[in-house]
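Each chain is listed here by its residues.
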Amino acid sequence: MKRTEIKIAGDSPGTSYYLTCLKIGPDDRALPKIFIQAGLHAGEQPGMLILHHLLAMLNSADQSDSLTARFVIFPMVNPIGMGQFCLHHHQGRYNLPTGINFNRGWFDLFSMLSRNGGLAHLAATLLPDDAAHNTNIIRQAVSNALDNYKPITALDVQRLQVAREAFDSDIVLDLHCDDAALNHIFIVPQLLPAAQDLSDWVGAAATLTAEDSGGGSFDEVWPGLWIKLARHFSDHAIAPPPLAATLEYRGYCDVDDQMNRQDAENLMSFLKGRGYVGGETVAMPVPAPLPLPFAATEVVIADQPGLLAYHVGLGDVVAAGDVLADLIILDGPNAFVERHPVRAGTDGFILSLRCIKYVRPGDTVAKVVGKTPLAHRTGYLLEM
Ligand SMILES: [Zn+2]
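Everything numeric in this text was worked out from a predicted model, so none of it was measured.

**As for the coordination of the zinc ion**
All of the protein donors around the zinc ion are His41 (ND1), Glu44 (OE), Glu44 (OE) and His176 (ND1); their distances to the metal are 2.0 to 2.6 Å. Coordination at the zinc ion is irregular, judged from the four donor atoms that bind it and the angles of 54 to 142° they form at the metal. The sequence pattern describing where the donors of the zinc ion fall on their chain is H-x2-E-x131-H. Here His176 lies in strand β7 (residues 171–178) and His41 lies in the loop between β3 (33–38) and α1 (46–63), a separation of 135 residues in the sequence. Residue classification places His41 among the buried residues on the basis of a relative accessible area of 4%.

This is the structure in structure tokens:
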């Protein structure tokens, strides 16, 4: 296991951050490359404990020469976010000085290529019928585009360092969690059904698809480039997009040694099933439900402040109109007496709820996974 500490100069005088990158496996660039990170939203920490266990498993496999891929792991990919506290509370979702969500506004690689002449170069050099040749040319063009990118802030530098490792990976897994939730996955629909094994091994209660959820989230960057290139160069052989996904490992409080060790075991089984780790064959997992469009998931929000008294639990099946929670009203003439029902707007099941029950207007109360895309769910699909 090779450990690299990447120093990132802070934006304030006298400060700096250290981004740790661990590389495991044969040092052979011809082998598949697998990139895994946790803690991009720095307050979402089940993934860090999962990678703690996964690192030990990969290291052990490496020592017995059973890795047939090279692994790049960022177990804590956002040291800037890890250092953000306000009045004893960790603030890991947004960059505090700017309000930028750490998992929004990632590089649009296609636009970068378009701006720096990369697309014109590809038009002149891509072959009509040799996808492997074209992959090398495309990766070099992206590498050049990243070289030409001039970071300004510490956050820019942090993102660039991570992107340099992710852009040429065959698999990119970004480990997150929700508030209080069942395991689920966000992924672009073009990667399915080939990635069903990932959903199965993650034990995903839902695999939610969107080609562009509107926020430039990390997992969409890498396949997004290849999807756009295949459309732009439709008469050239363009390889299928890399497998990239956001893996939501339950909720904030689900940092649990035993549970997260099992999550790591399951990721190892996924990797063994794909042939990236040798050793004993693994039994098939319980199949996960088939993917559903993310636009069919209702994000139920509070329309006034109050205290949530839930009527439902995770996994419960609900119908449109069912009461998910009562909101205990906290101001006005009926404060502390009136209960205001919060209802489901679609048929489905409860994927996520919230730990902290005090809400204000616009706060998420629940996610209800439905099957039919909802008319109002277009454009920006994510939470803020
Ligand atoms: Zn997250």
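**Looking at the domain arrangement of the chain**
By the assigned domains, the chain splits into domain 1 (2–290) and domain 2 (293–369). Taking only C-alpha atoms into account, the centre of domain 1 sits 32 Å from that of domain 2. Of the roughly 1100 Å² buried between domain 1 and domain 2 on both sides combined, carbon and sulfur atoms contribute 70%. The largest per-residue losses of area from domain 1 upon contact with domain 2 belong to Asp179, Leu182 and Leu208, which jointly make up 39% of the total buried on that side. The interface formed by domain 1 and domain 2 includes one salt bridge. Contributing elements (two or more residues each) for the side of domain 1 that touches domain 2: β8 (180–181), β9 (184–187) and β10 (206–209). Looking at the side of domain 1 that touches domain 2, the element that brings in the most residues is β10, giving three residues. Broken down by class, the residue content of the side of domain 1 that touches domain 2 amounts to nine nonpolar, three polar and two charged.

**Points about the sheet that holds strand β14 (residues 306–310)**
Pairing is antiparallel across the open sheet formed by four strands, whose spatial order is β17-β16-β14-β19. Each of the sheet's edge strands pairs with one partner strand only, and the pair in question is β17 (339–343) and β19 (358–359). Two strands pair when backbone bridges link them, and β14 and strand β16 (residues 323–329) are joined in this way by five bridges, in the antiparallel orientation. Paired with Leu308 across the two strands is Leu327, which belongs to β16.

Criteria and cut-off values
Residues numbered from 1 in each chain as written. Predicted model: local features only at pLDDT ≥ 70, side-chain atom pairs only at ≥ 80, totals over all residues. Heavy atoms only, no water. Donors = N, O, S within 2.8 Å, 3.2 Å for Na, K, Ca; no water. Tetrahedral: all angles 85-135°; square planar, octahedral: opposite > 155°, others 65-115°. Helix = DSSP H or I, 4+ residues; strand = E, 2+ residues; numbered from the N terminus. Buried < 20%, exposed > 50% of the residue type's maximum accessible area, 1.4 Å probe, protein only. Domains from an automatic or database assignment. Buried area = accessible area lost by both parts, 1.4 Å probe. Salt bridge = Lys/Arg side-chain N within 4 Å of Asp/Glu carboxyl O. Nonpolar A, V, L, I, M, F, W, Y, C, P; charged D, E, K, R; others polar. Pairing = 2+ DSSP bridges.

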